[in-house]
Amino acid sequence: MTDAIRVSSPITGTDKTLSFEAGHLAQLADGAVMARIGDTMMLATVAASRSVREGIDFFPLTVDIEERAYAAGKIPGAFFRREGKLSDQAILICRLIDRPLRPSFPKGFRNEIQVVGTIFSADQENPHDILAINAASAALMISGIPFDGPIGAVRMAYTVDGEWAPHPTYAEGDAATFELVVAGRALSDSVESDIAIMMVEAGGTEGSFEKYADGAPKVSEDVLAAGLEASKLWIREAINLQRDLVKAFVAERGPIKTIEYLTFSDYQDDVYARVEAVGASALSDANKLTTKQARAEALDAETGLIIDQLKEEFPDRLGEIKAAVKSITKKLVRRRIVEEGVRIDGRAVTDIRPLSAQLDLFPMTHGSALFQRGETQVVNVTTLGMPRMRQQLDTISPDEFRRYMHHYNFPPYSVGETGRVGAPKRREVGHGMLAERALIPVLPSEQDFAYTLRVVSDVMQSNGSTSMASVCGSTLSLMAAGVPIKAPVAGIAMGLVYEEGKYVTLTDILGAEDAFGDMDFKVAGTADAVTALQLDTKIDGLPADVLSKALHQALAARLAILEVITNTIAEPRKEVAAVAPKIVSMEIPIDKIGEVIGPKGKVINTLQQETGADIAVDDDGVVGTVTIGAKDGRAVEEARRRIALILDPPTAEVGAVYPGRVVNLAKFGAFVSIMPGRDGLLHISKMAPLNGGKRIGQVEDVLELGQAIEVRVDDIDPQGKVSLSLAGEYANVASDESEAPRAPRPPRDGGDRGERAERGDRGDRGDRGDRGGRDRDSGSRSKPSSSFEASFEAELAGEIGDLGPGGPSFSDGDGGARRSPRPRRR
């Protein structure tokens, strides 16, 4: 076994150390690096095919993240108890790695590359996504695969004190108002080289607007630009550490040999020249058509004409002709933008396409909206659910639940094509999570709005930035559903063209402008704060003034969209839809939880059955929370009223008659609920009227659980225990209980009940002393007592034995059953 090659470096401004280790694990891979920060460790491996798959015309880069449950000391919760498909979080990490790596390979490189990251240790403090980006780059650097690296990455958290903190823990990130993930490359080999930002993924944290209300500084465009600039220090540190690893690896193992590979061009120069000569003018005219469908049809027609003219000249090079047409189209579009300031659809560089919004599309949904920007059209639907509907997460991160879920669907018909419909692809997961990240900061807390929230964005038409249209439409649907968001959120997609030394920023880019441009830049936020950002660049370096201009240009567009949103619906509706569940929450003392639940859940189940409401009980170790939901608001109010009575039960009156319901049966009698939170005991000796005045052998012979019965309160002892007797139609039924001979008591070994010795009057149940007061030698009994409490406790002791000092006890609100162990909560 070979010795590992290790390098490490302290992280400036923290007490943490970043380390890389190579040459020990997975040595048959082209490159393998174990990275560590704190006690979080992950192995990144890379492997490359040595040949190009026949017929492939793209770069096949695959990134996978394997989150092993054992890394966090867990066993997977799935049925088979092993890891299955990637979690949404793992998919996001795959995308974070892919986005800066993909443009760092040689142009025309088509060998298949696979990057696999395996999490071996997750300390529940340090996130592993940033570690994965740095480790993947380091593995490529020692692999011999052609790669223009290293790529460095860092996460920054904006604290409530207005400072950018590097590499925050999970807890520090939650305490901050905004988190920023940035990746970039060095522009030279110098250790002090400037950094070119390549990828940004950022968003506000849950509860950030509450922190803003408490005085924390908001994340504006200027704050965001400052954070991107500040991140370069820690990106540079990660890059320099990777270079140290390469030096140590070469010193130990010798020079790294680059694999043999070929690059491929989509077309040769001779084909390009002929296509340009034959069709450039016609292609230019086709690109001036303002609608997507007309433009696409015209370009297809002109491409067909060009092919007809050149197919004899280039008989076996049809693919090259098509690729040349696409390249010339890109060149024409970019040149027109830079030289004339005119875009494909005729807009100026800062113009937004026509905007429209519509609410309440579907009668049975809780909140629905249609948002349209030009030819991009998205339907958004909000659904409200009970708190127990939140998603339980089975991941290696500290997060256990997900209360707000945003799902994005991109069907093939949205672009006029056929294709597979089914499980979401990685792009759909990523777009949904971006929209989710944009809206999380403005959502109400669970204490203020107890619902679980799910928003679905279904793309109807697509011609650029459906993810930002999803943000806008989701704001509309949330407000229509009555969700009291802190402020409306809008999103806009920006682009950039860098040509002839000029930077031109584009507002509200089309799909073609995204493909032909040099930057994809999506910003979402309220009128005065950014809530989410996603940026990918294809050029080396983005000057600070260009970035600042792009951010402020996006702000102007965002404000224009927010005006359309607020003109459609000025504020969230005061009430949820009639078809939505009505939910209220109430805090209760933690020692009252057992009374609300009842023995084996009997109280809460009865409440749900009788009111029709869905009731859930939870606690945080300090206070309990009861959440009540139902489609009928009257059911919610009735359930809340009954729970309030359990918490503060009314007092029964001696001599009063109450309609009751049997809630528990015991050998010595039945417990009857006479009012919410107040039960009483109907002793078996008082049940003879139910059997025609004859003595009762077993309680179950005359009563059953849930049975309605009218009772009178005979006595309430100092502890609040209530003694009941029959009332109503049974009140005047004569009883021969006192004259009838007693049935013999069954022997303790379970013998026949009828073979017991005669016991005399059941009222003679005074203090039995040890084991129910029975004299072990003579079998004599203690003196009779008229006290209900003494009679009941003696009877109970005789049935089940001595219960120790103080005797048995029962709670007025729990049907006489002890609450230990406490029932499982809903």
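Provided above is the structure to which this section pertains.
Residues numbered from 1 in each chain as written. Predicted model: local features only at pLDDT ≥ 70, side-chain atom pairs only at ≥ 80, totals over all residues. Heavy atoms only, no water.

### So, the side chain of R236
If you trace the backbone, R236 turns up in helix α5 (residues 221-253). Put simply, R236 is tucked away with no salt bridge, and the nearest opposite charge, on E192, sits 4.7 Å away. In this structure, R236 is in contact with V191, E192, S193, D194 and I195, ignoring residues within four places of it in sequence. (Helix = DSSP H or I, 4+ residues; strand = E, 2+ residues; numbered from the N terminus. Buried < 20%, exposed > 50% of the residue type's maximum accessible area, 1.4 Å probe, protein only. Lys, Arg positive; Asp, Glu negative; His and termini not counted. Salt bridge = Lys/Arg side-chain N within 4 Å of Asp/Glu carboxyl O. Contact = heavy atoms within 4.5 Å.)

### Observations concerning unusual backbone geometry
The omega torsion of the bond from G149 to P150 falls at 0°, within 30 degrees of zero and hence cis. Here P150 shows up in the loop between α2 (129-141) and β7 (151-158). Notably, D508 is not glycine yet its phi reads approximately 55°, a positive angle. In this structure, D508 sits in the loop between β19 (502-507) and α11 (511-516). A positive phi angle, near 55°, is found at K600, a position not held by glycine.

### Examining the sheet that holds strand β24 (residues 623-630)
Sheets are built from strands paired through backbone hydrogen bonds, the pairs being either parallel or antiparallel. Read across the sheet, three strands follow the order β22-β24-β23 without closing on themselves; strand pairing throughout is antiparallel. Only two strands of the sheet have a single neighbouring strand rather than two, namely β22 (582-589) and β23 (614-619). The sheet shows a mean angle of 20° between the axes of neighbouring strands, taken without regard to direction. In this sheet, β24 lies alongside β22 in antiparallel orientation, the contact comprising eight bridges. Counted as the bridge partner of P589 is V623 from β24. (Pairing = 2+ DSSP bridges. Axes fitted to C-alpha atoms, helices over the stretch in contact; angles between N-to-C directions.)

### A closer look at helix α1 (residues 88-101)
Taking 1.5 Å as the rise per residue, α1 with 14 residues should run 20 Å; its terminal C-alpha atoms sit 20 Å apart, in good agreement. With 11 of its 14 residues buried, α1 lies for the most part within the structure. Residues A90, I91, L92, I93, C94, L96, I97, D98, R99, P100 and L101 constitute the buried set of α1. (Expected span 1.5 Å × (residues − 1).)

### Comments concerning the packing of aromatic side chains
Summed over all chains, the structure comprises 14 aromatic pairs. Between W164 and F178, the ring centres sit 6.5 Å apart and the planes meet at 85°, which makes this aromatic pair edge-to-face. Pair noted here: W164 is in strand β8 (residues 164-166) and F178 is in strand β9 (residues 178-186), with a separation of 14 residues, a long-range link. Take F178: its relative accessible area is 0%, and that puts it in the buried class. Feature note: the residues F59, F105, F109, F147 and Y261 constitute an aromatic cluster, connected by ring pairs. Looking at R390, its charged tip hangs above the ring of F401, at a distance of 3.8 Å from the centre. (Phe/Tyr/Trp six-rings, centres within 6.5 Å; stacked < 30°, edge-to-face > 60°. Lys NZ or Arg CZ within 6 Å of the ring centre and 35° of its normal.)

### Let's talk about a negative patch on the surface
On the surface, D174, E206, D399 and E400 cluster together into a negatively charged patch. Inspection of the secondary structure puts D174 in helix α3 (residues 170-175). (Patch = residues over 30% accessible without salt bridge, like charges linked within 9 Å, V, L, I, M, F, W, Y side chains within 5 Å. Areas by Shrake-Rupley, 256 points an atom, 1.4 Å probe, with all protein chains shown as cover. Charge placed at Lys NZ, Arg CZ, Asp CG, Glu CD.)

### Digging into the environment of S397
Its place among the elements puts S397 in the loop between β14 (391-392) and β15 (401-402). Those residues in contact with S397 that sit more than four places away from it in its chain are K74, Q124 and Y170. Within polar-contact distance, the side chain of S397 engages the side chain of T395 at 3.0 Å. (Polar contact = N/O pair within 3.5 Å; in protein donor to acceptor, adjacent residues only side chain to side chain.)

### Digging into helix α7 (residues 292-310)
Along its 19 residues, α7 runs 27 Å from first to last C-alpha, staying within 8% of the 27 Å computed at 1.5 Å per residue. Buried residues in α7 make contact with α6 (269-286) and α8 (318-340).

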